[in-house]
Amino acid sequence: MNISELRYPNESNEYRDARAALLKDEQELIDKVKSVAEKRRNLPPGGQLKEDYVFQWANDGKVGTSVKFSELFADKNTLLLYSFMFGPNWDKPCPSCTSLVDGFDRSWYQVTQSGASFVAIAKAPAERINAWAKQRGWSQIWLVSGSESPYQADYKCQGDTDDMQWPVMHVFMKRDGRIFHFWELKR
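None of the values given here were measured: they were computed from a predicted structure.

What counts, and where the lines are drawn
- Residues numbered from 1 in each chain as written.
- Predicted model: local features only at pLDDT ≥ 70, side-chain atom pairs only at ≥ 80, totals over all residues.
- Heavy atoms only, no water.
- Helix = DSSP H or I, 4+ residues; strand = E, 2+ residues; numbered from the N terminus.
- Expected span 1.5 Å × (residues − 1).
- Bend = angle between axes of the 7 residues up to and from the residue.
- Buried < 20%, exposed > 50% of the residue type's maximum accessible area, 1.4 Å probe, protein only.
- Contact = heavy atoms within 4.5 Å.
- Phe/Tyr/Trp six-rings, centres within 6.5 Å; stacked < 30°, edge-to-face > 60°.
- Lys NZ or Arg CZ within 6 Å of the ring centre and 35° of its normal.

In this structure, what is going on with helix 2 (residues 95-113)? I would like to understand it.
Owing to its 3.6 residues per turn, the α-helix brings residues three or four apart onto one side. The end-to-end C-alpha distance of helix 2 is 28 Å, a good match for the 27 Å that 19 residues give at a rise of 1.5 Å each. Along helix 2, the helix axis deviates most sharply at S107, where the bend reaches about 55°. Within helix 2 the residues assigned to the buried category are C97, T98, V101, D102, F104, D105, W108 and T112. If you follow the buried residues of helix 2, they end up packed against strand 3 (78-83), strand 4 (116-122), helix 3 (126-136), strand 5 (142-145) and strand 6 (168-175).

Listed below in structure tokens is the structure:
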């Protein structure tokens, strides 16, 4: 059945014509989103990782233990690294970022099962990130502190100071033993 033939109780022809026009626009938007996604998948590698940054784990059982950027990939070739807004002198992280990490924590398993490693990083010290994670019930997503690393400054996750944090999702890829920046999303 064609959508223009579809009718619901008591709807007017004016409504159905407007709805059919809107459905056409929606399909064009979906087609555009698919086209952009295809272009994203076919991006060539970006710049090679500047250095093998060293972070501190912020998860229970390993808080403060050093971890290299390259180790965050684990056995995967793709790394999603979400920088959330929690500066070293902040009392608590950004509420919007907190909400996102709430969701990321719940979806971490599905993402990592699809072939990507998924980590959240903040500039606050590892102990403070861990305390916040406990308060929020975050138990799945890997958490690291970049408090002693230039990563957030190098990859534009902060402004002029460590306390000027920005929410940014970066994607990195391993190719032939090297790590390349692939894509970013800034809110």
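What is the right way to look at the packing of aromatic side chains in this model?
Any pair of aromatic rings gets described here by the distance separating the centres and the angle formed by the planes. As enumerated under the stated definition, the model contains 17 aromatic pairs in all. Ring centres 6.2 Å apart and planes at 80° place the aromatic pair Y53 and Y155 in the edge-to-face group. Placement of the pair is Y53 in the loop between helix 1 (13-41) and strand 1 (54-57) and Y155 in the loop between helix 4 (151-154) and strand 6, with a sequence separation of 102 residues. A network of ring pairs unites the aromatic residues Y53, F55, F69, F73, Y151, Y155 and F172 as a single cluster. Between the NZ or CZ atom of K62 and the centre of the ring of W57, over which it lies, the distance is 3.7 Å. One residue, K62, lies across the ring of W142, its end atom 5.6 Å from the ring centre.

Would you take a moment to explain the side chain of Q152 for this structure?
Note that Q152 resides in helix 4. For Q152, a relative accessible area of 0% translates into the label buried. Once you skip the residues sitting within four places of it in the chain, Q152 turns out to touch S83, I121, A122, K123, G146, C157, Q158 and Q165.

These values are about where atoms sit, not about what they do.
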